[in-house]
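Letter by letter, the chains look like this.
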Amino acid sequence: MSGVHTELGADVCHKANKWCLKFAKQFGLNLSFRGSSEDPRSQDVESDKEGTGIGIWDGKEIIYVSSPSSYTIANLFNMWYRYGFDVISLLDPVTETLNRWQRLYDTKTPWRSLKEFLSRFELTEFTNVTLDKFLSAKGYSQTSIDEIVSGITLVIYQQTAYQLHALSGLISLAASLSAEDLFDIVEGNDEIPAKLVEHSKAELRLRTAVEEIVFVQDRGQYIVRTKEGEEIFEDVIVSVPLEISGIKLIGVKEPPRRDYVHVFVTLIHGVLNPSYFGYEDISLLPPKIITTANSTSPFTVMGIREVFPDNSQLVKFFSRNQTLPQKEIDQIFSKVHKTLVQEWYAYPYAPPLQDHSASEIELSPGLFYPSAFESGEIFSFHFLSPFCFCILTLCSGYNNGMF
């Protein structure tokens, strides 16, 4: 937009996502780590205002700002005065969770359900409780949970610490508590799925919506029907949530339905009005603003993506369940040149899991459903689930599941 390549969804990956790193290396894509001295964006603040300065907005005022130099004496004192040692000590439960999570990359046996997966990697305890209760039990203050923790989880999942189970929450915290571990693809993050399709030599049929999948039990096959006709397959992977797909399953028991978060992304090229946030000078405005658990703000996160020579900005907003109201846009900006809005149902709400048995990978023999694991609300499943399906398919004749 306005000549700037901008990701509408997630901007970065964490280096703990080994599959993403593997694919980038395999396809010769270039990685750019945030904060690295080799990252040109860290040296050119005017062309990319996503520095490390972050403001926390409660809808009325910015209540805390981390400075671009987060470890200056003044900033550390301000952080300690408001949050104690919570921000630093949060690394402990996050690191513990990531260490358990990363063991899955070494496995060569499949998991057939979310329950089995969580049990094998000792993650079940994190899904039985909300993130706020998990952290409160460990002594973290409500101020830290409301402002720091919920601010981050709203960025990642558009849900507060009071809504998310602890596994989703702790994984999302990893993205903000270790910024030096974050990277993106210089050529664009969309290059990874594009290269995977190209490498697979698969026949890609865009704009060919699947309407029905019929299980022919006596033949152990599936009829896949579209408006263009129907075809027969031995195995089928449904790689879209059934709740938003419009696909009807026939002869197969459908999994329980979940509510998905309706996410709106608004890109605006215009001139920001700093007085909306309580500033007289635009140069003092933090380049990224997150919101609190109880914020009255119409957006959950705002980031300045680009500053143009005429001092206008390209700004990206996330909001949930509604687009950014025009009334608010008129107050946030003194002038608007261009606006783009994109909406989608991004991921399910992720409260503590009560029924893990509902999340089965294989809905019926040969019919695989990766979105079953979205109840665990971890994006890495989108890379790992197909890997697991391949193991399940190849090992269907072997009791030990090994290959």
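Above this text is the structure in question.
None of the values given here were measured: they were computed from a predicted structure.

Tell me what's going on with the packing of aromatic side chains, and back it up with residues and numbers.
Evaluated as defined, the whole model comprises 18 aromatic pairs. Ring centres of Phe23 and Phe27 lie 6.5 Å apart, and the angle between their planes is 20°; on these two criteria the pair is classed as stacked. A single burial state applies to Phe23 and to Phe27, both of which are buried. Taken together, a centroid distance of 5.7 Å and an interplanar angle of 35° make the contact between Trp57 and Tyr276 tilted. Of this pair, Trp57 sits in strand β3 (residues 54–57) while Tyr276 is found in the loop between β11 (260–272) and β12 (288–291), placing the two residues 219 residues apart along the sequence. Assigned by exposure class, Trp57 and Tyr276 land together as buried. Through a chain of ring-to-ring contacts, the aromatic side chains of Trp57, Tyr276, Phe277, Phe299, Phe317 and Phe333 assemble into a single cluster.

With reference to specific residues and values, describe helix α9 (residues 166–177).
Helical geometry: 3.6 residues make up each α-helical turn, so side chains three or four residues apart lie on a common side. Spanning twelve residues, α9 covers 16 Å between terminal C-alpha atoms, matching the ideal 16 Å at 1.5 Å per step. Extensive coverage of α9 is indicated by the burial of eleven of its twelve residues. Those residues of α9 that sit buried are Ala166, Leu167, Ser168, Gly169, Leu170, Ile171, Ser172, Leu173, Ala174, Ala175 and Leu177.

So what's going on with the sheet that holds strand β8 (residues 229–233)? Which residues, and what values?
Spatially, β8-β7-β6-β10 is the arrangement adopted by the four strands of the open sheet, whose pairing is mixed. Each of the sheet's edge strands pairs with one partner strand only, and the pair in question is β8 and β10 (248–250). Neighbour-to-neighbour, the strand axes of this sheet turn through a mean angle of 20°, independent of strand direction. In this structure, strand β6 (residues 210–216) lies alongside β10, joined through three bridges in parallel fashion. By the bridge assignment, Glu212 is partnered in β10 with Lys248.

Outline unusual backbone geometry, listing residues and values.
You will see that Glu122, though not glycine, has its phi angle at about 55°, which is positive. As for its placement among the helices and strands, Glu122 is situated in the loop between α5 (114–120) and α6 (124–127).

Describe the state of the cysteines, with residues and values.
For the structure shown, the criterion picks out zero disulfides. The thiol of Cys13 is not disulfide-bonded; the next cysteine sulfur, from Cys20, is found 3.2 Å away. A residue is classified by how much of its surface remains accessible, and Cys13, at 18% relative accessible area, is buried. Overall, the relative accessible area of 2% leaves Cys20 in the buried class.

Conventions used here
Residues numbered from 1 in each chain as written. Predicted model: local features only at pLDDT ≥ 70, side-chain atom pairs only at ≥ 80, totals over all residues. Heavy atoms only, no water. Phe/Tyr/Trp six-rings, centres within 6.5 Å; stacked < 30°, edge-to-face > 60°. Buried < 20%, exposed > 50% of the residue type's maximum accessible area, 1.4 Å probe, protein only. Helix = DSSP H or I, 4+ residues; strand = E, 2+ residues; numbered from the N terminus. Expected span 1.5 Å × (residues − 1). Pairing = 2+ DSSP bridges. Axes fitted to C-alpha atoms, helices over the stretch in contact; angles between N-to-C directions. Disulfide = S-S within 2.5 Å.

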